[in-house]
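Coordinate inspection notes
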Amino acid sequence: GGISIGIVGTNSPSDLASRPVRYVFLDEEDKYPARAGKEASPAALAMERQKTYPASKKTVRASTPVFEIGPTWQNWLKADTQMECFVACPHCGANWTFKMKQLKWPEGSTPDQALKEAFYVCEKCGCLISDADKSEMILNCKWKSVKTNGSKRRTAFRLNAFYSPWVRFGEIASNFLDSKNQPELLQNFINSWLGEPFKEVEQELDAERLLDEKQSVYPQFEVPPHTVMLTGGVDVQKRSFYWTIRAWYSNMTSFNIAHGQVFTWLEIEEIMNSWYRDKKGNKYQVNLCCIDSGDQTDDVYDFCATNREWAVPIKGSSNRMITKYRPSTIDKDGLSK
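Everything in this summary refers to the structure shown in the same document. Every value quoted in this text rests on a predicted model; they were computed, and no experiment measured them. (Residues numbered from 1 in each chain as written. Predicted model: local features only at pLDDT ≥ 70, side-chain atom pairs only at ≥ 80, totals over all residues. Heavy atoms only, no water.)

This part takes up a nonpolar patch on the surface. A contiguous nonpolar surface patch, about 450 Å² in accessible area, is contributed by I3, I5 and I7. Summarising the element assignment, I5 is placed in the segment before α1 (13-16). Residue I5 is classed as exposed on the basis of its relative accessible area, which comes to 71%. (Patch = residues over 30% accessible without salt bridge, like charges linked within 9 Å, V, L, I, M, F, W, Y side chains within 5 Å. Areas by Shrake-Rupley, 256 points an atom, 1.4 Å probe, with all protein chains shown as cover. Salt bridge = Lys/Arg side-chain N within 4 Å of Asp/Glu carboxyl O. Helix = DSSP H or I, 4+ residues; strand = E, 2+ residues; numbered from the N terminus. Buried < 20%, exposed > 50% of the residue type's maximum accessible area, 1.4 Å probe, protein only.)

Right, dumping it as structure tokens:
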């Protein structure tokens, strides 16, 4: 017998829901859009196809974590059994996993110096471990459970760059020193080299305090009675997004019902496509969201092109305008918006 393999993009709901599938492989799930158009998440749509095989289905999610709230890290935390790869120290025989804090280099080293002089220290005996030692250690590594509830139905495995036979200790140290003072590069190091989610550590503007004076009399996330529609707005900053959702009356009066700060486009999609309710249980969804394109312009245009049903790019004018707004046409990849 043969096997059929289908490769599907995450922005195609019809392809994701077009055939029964026994085995689903999800790659880089943290980078998926929150929804496939206005439908459920691409991962959920793909796994819906497995209903035909209730007893033999299998889902494999191979991804690099981005943020703690992302599906990759959340799936790791929610796994029935968590597995990590243990190696044995060539000097004392102690078993442990490779950790960044045990990687050392001479104090004050430049990235180039660390590339040549970095070494690993055993957390038990304190002996120095070389790249030659690492190769042998990896060949004889053992997967062990670090947390389990007794079930193996959802089993998660985790590795970092230390386990690659092609990556030397010095390369890891050098890359860290190159990126430690640049948040964008540091995030890539933490995500891709350490296999861990990134946490924003610099001082952030308190969105709650910023908008507190504009807060409406209604509880947050509750839609006021007589609302006609919801609109959203996103202010794009260098490392984060500030968002707001407003409820509108027919007389053009509006109320802020929710606002905050997030760090990924995935979160913006989730927020703007969520359902919001009034006291009677009536459901509302954002009809239109305006996204500032003054920063990260190409990313904003790409995002709005993908989510053209509800998202439009906007930009403030540097000159006084006769009217309140001026529509424009943006041609991108043959698409007009």
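Continuing now.
Take the sheet that holds strand β11 (residues 241-248) next. If you walk across this open sheet you meet the five strands as β12-β11-β10-β15-β16, and the pairing is mixed. Sheet topology places β12 (254-262) and β16 (311-314) at the edges, where each strand pairs with a single neighbour. Pairwise comparison of adjacent strand axes, ignoring direction, gives a mean angle of 20° for this sheet. As judged from the eight bridges shared by strand β10 (residues 229-236) and β11, these two strands associate in the antiparallel manner. Pairing of V236 across the sheet is with F241, part of β11. With respect to the sheet, helix α9 (residues 265-273) is in contact with β10, β11, β12 and β15 (286-292), its orientation differing from that of β11 by roughly 10°. Each of β10, β15 and β16 touches helix α10 (residues 297-306); the most contacted strand, β16, lies at about 155° to it. (Pairing = 2+ DSSP bridges. Axes fitted to C-alpha atoms, helices over the stretch in contact; angles between N-to-C directions. Contact = heavy atoms within 4.5 Å.)

Turning next to helix α3 (residues 71-78). Along α3, the residues classified as buried are T72, W73 and W76. The buried side chains of α3 occupy one side of the element, clustering within an arc of 95° when seen end-on. Buried residues along α3 sit in contact with β3 (81-88) and β9 (155-158). (Arc of directions from axis to C-beta.)

A few words on the pairing of β11. Regular strands show a simple pattern: their side chains alternate between the two faces of the sheet. Hairpin connection, β10 to β11: the antiparallel pair is bridged by four residues. Direction of pairing for β11 relative to β12: antiparallel, over a ladder of eight bridges. What sits directly across from Y242, in β12, is Q261. The hairpin formed by β11 and β12 contains five residues between the paired strands, and M252 there has a positive phi angle of roughly 75°.

Attention now goes to the sheet that holds strand β7 (residues 128-129). A sheet is described by the order of its strands in space; here three strands give the open sequence β5-β6-β7, paired in antiparallel fashion. At either end of the open sheet lies a strand with only one pairing partner, and these are β5 (103-104) and β7. Sheet topology places strand β6 (residues 119-121) next to β7; two bridges connect them, and they run antiparallel. Pairing of V121 across the sheet is with L128, part of β7.

Opposite charge on two side chains lets them pair, provided their charged atoms get close. Under the criterion given, the structure shown has eight salt bridges. We note a salt bridge from E123 to K99, for which the minimum N-O separation is 3.1 Å. In this pair, E123 is assigned in the loop between β6 and β7 and K99 in the loop between β4 (95-96) and β5, connecting sequence segments 24 residues apart. Overall, E123 belongs to the partly exposed group, its relative accessible area being 33%. Taken together, the salt bridges that share partners define one network made up of E84, R158 and E196.

As far as function goes, none of this settles anything; it's purely spatial.
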